[in-house]
Amino acid sequence: MLVGILKPFKNMHYSTLDVYKKILEYNGIDYIDLDINSDSFWTEIKKLNLFLARIGHYDNDLALAAQIIPIINLFLNIPCLPDYNTVWHYDDKVKQYYLLKSMGFPVIDSYIFWDKIEALNWAKNAEYPVVFKLKGGAGSANVKLIKSYKQAKSLIKKSFGRGIHPYFFDLPGKFKAFNYNRRTIIRYFLRPIYYKLTYKATPFPNYHRHKNYVYFQRFLPDNKYDTRVWIIGNRAYAFKRFVRKNDFRASGSNNYDMDRESLDKKMIEMAFEISEKLHFQSMNYDFIYDENQNPVLAEISYASGDYPDFSNGYWDKNLIWHSGHYFPEYFELVDALKMPELKLPPIEIDSPYKKAKMLNI
């Protein structure tokens, strides 16, 4: 048994990879680090029982995944984590909407245009407010409520002109998305300087302008929270994420409710159905309610942070709760390696929201 783990770009560090490695080490499973820049990359790939990668939101991560995972998974028939079905639409809300809509799943009505004139004609008669989104991004950073034709027209012209740079898009909204955390905001503005001084190159190596499309979504008011449902194989975990004060966005708010009894089980059943039909290994679903109080999907994402109560149990497909100390990366490896006997090392939660820390074994 040999697992190959893709080395992240430059000095990027994904703590998820540390968790995978600790679990593999604890179970005596060999792994190697793979560098896409190495001449031996494709030779080493063919030795693997599993190719493992952590695909981030950065453009270079997404571009690389699009280049190599279809080849490894579909043509070399090597199991991947994430596999092609799970990752081809990752961090692309346009692809996700097209997929969910075409398959008949309840997704919020969206209006996507690839033509400037068509977009402007729609905007003249649109019912405001509407939600504008860039197709990529996390933590609500690239999401904005548009209240007038004037605002919509400005974004349409910008998108079909020089483009919209996600790093600078709606800075006031980003401050709110950062929950006005001074440290986070300062680091956000210092990051370009760091890249410029460290790499002597463009201060934004991981971001490109979004051009020649616009994505608007129908605004559904009176949702005080969304419900995040995480499906890993035949297991589910879910919790509520409350919106920020004087805002409509819940993602990244760090204000959440772990009470299992208060959750809408229809959302969990729906998430199970989608994952099974579309053959997703691991998928997060963000649900809200429409005006008739029916669950509808806002977004999906294969990647997520670790949340503290996930380690306390999960629902199976019959919505029976199984208590115990678990970990998302553990379940993903159990399924990808087809090893139900895989053992999980002890886990210590480092933060109530962010990544967990493995104990020294």
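As a reminder, the structure under discussion sits directly above these lines.
Residues numbered from 1 in each chain as written. Predicted model: local features only at pLDDT ≥ 70, side-chain atom pairs only at ≥ 80, totals over all residues. Heavy atoms only, no water.

Enquirer: Teacher, can you tell me more about the sheet that holds strand β8 (residues 214-218) here?
Expert: Where strands meet in a sheet, backbone hydrogen bonds hold them as pairs that are either parallel or antiparallel. The strand order across the open sheet formed by 4 strands is β5-β8-β6-β7, and the pairing between neighbours is antiparallel. Looking at the sheet topology across the chains shown, the edges are occupied by β5 (110-113) and β7 (143-146). Each neighbouring strand pair of the sheet contributes to a mean axis angle of 25°, computed without reference to strand direction. Bridge count for β5 against β8 is 4 bridges, and the pairing is antiparallel. (Pairing = 2+ DSSP bridges. Helix = DSSP H or I, 4+ residues; strand = E, 2+ residues; numbered from the N terminus. Axes fitted to C-alpha atoms, helices over the stretch in contact; angles between N-to-C directions.)

Enquirer: How do you make sense of helix α10 (residues 265-278) when you look at a structure like this?
Expert: Residues spaced three or four apart along an α-helix point in a common direction, a consequence of the helix completing one turn every 3.6 residues. If you check α10, its first and last C-alpha atoms are 20 Å apart, about what 14 residues at 1.5 Å a residue would give, namely 20 Å. Measuring from the backbone nitrogen of Lys-266 back to the side-chain oxygen at the start of α10 gives 3.0 Å, which picks out Asp-264 as the cap. Residue His-279 follows α10 closely and has a positive phi angle near 60°. (Expected span 1.5 Å × (residues − 1). Polar contact = N/O pair within 3.5 Å; in protein donor to acceptor, adjacent residues only side chain to side chain.)

Enquirer: Looking at this model, I keep getting lost on the sheet that holds strand β4 (residues 80-81). Mind explaining?
Expert: The strand order across the open sheet built from 4 strands is β2-β1-β3-β4, with neighbouring strands paired in parallel fashion. This sheet does not close on itself; its edge strands, each paired only once, are β2 (30-34) and β4. Two strands pair when backbone bridges link them, and strand β1 (residues 2-6) and β2 are joined in this way by 5 bridges, in the parallel orientation. Bridge pairing links Val-3 to Tyr-31 in β2. Strands β1, β2, β3 (50-52) and β4 of the sheet are contacted by helix α1 (residues 15-26), whose axis makes an angle of about 165° with β1. In the packing of helix α3 (residues 59-75) onto the sheet, contacts are made with β1, β3 and β4, and the angle to β3 comes to roughly 170°. (Contact = heavy atoms within 4.5 Å.)

Enquirer: Would you take a moment to explain a nonpolar patch on the surface for this structure?
Expert: Taken together, Trp-42, Ile-71, Leu-74, Phe-75 and Leu-76 make up a surface patch of nonpolar side chains, about 470 Å² in accessible area. With 3 residues, the top contributor of residues to the nonpolar patch is α3. Note on Leu-74: relative accessible area 44%, which makes it partly exposed. (Patch = residues over 30% accessible without salt bridge, like charges linked within 9 Å, V, L, I, M, F, W, Y side chains within 5 Å. Areas by Shrake-Rupley, 256 points an atom, 1.4 Å probe, with all protein chains shown as cover. Salt bridge = Lys/Arg side-chain N within 4 Å of Asp/Glu carboxyl O. Buried < 20%, exposed > 50% of the residue type's maximum accessible area, 1.4 Å probe, protein only.)

Enquirer: Mind showing me how you'd approach a positive patch on the surface here?
Expert: Together, Lys-116, Lys-124, Lys-153 and Lys-157 line one region of the surface with positive charge. Elements with a contribution of two residues or more to the positive patch: α6 (116-125) and α7 (149-159). Given the relative accessible area of 31%, Lys-153 is considered partly exposed. (Lys, Arg positive; Asp, Glu negative; His and termini not counted. Charge placed at Lys NZ, Arg CZ, Asp CG, Glu CD.)

Enquirer: Before we go on, may I ask you to explain the packing of α1 against helix α11 (residues 328-337) in this structure?
Expert: How two helices sit against one another is set out by the angle between their axes and by the gap between those axes. Relative orientation of the contacting elements α1 and α11 amounts to 60°, with a least axis distance of 10 Å. Accordingly, the angle class assigned to the pair α1 and α11 is oblique. Crossing hand, α1 versus α11: right-handed. Taken together, the residues of α11 that come into contact with α1 (itself represented by Thr-16, Val-19, Tyr-20, Ile-23 and Leu-24) are Glu-329, Tyr-330, Glu-332, Leu-333 and Leu-337. (Parallel < 35°, antiparallel > 145°, perpendicular 65-115°, else oblique. Left-handed = near helix turned anticlockwise from the far one by under 90°.)

Enquirer: Explain helix α5 (residues 93-102) to me, please; I cannot follow it from the model alone.
Expert: Within the sequence span of α5, burial applies to Lys-93, Val-94, Gln-96, Tyr-97, Leu-99 and Leu-100. The elements touched by buried residues of α5 are β5, β6 (130-133), β8, α10 and β13 (295-301). Measuring from the backbone nitrogen of Val-94 back to the side-chain oxygen at the start of α5 gives 3.1 Å, which picks out Asp-92 as the cap.

Without other data, these values stay purely geometric and don't point to any function.
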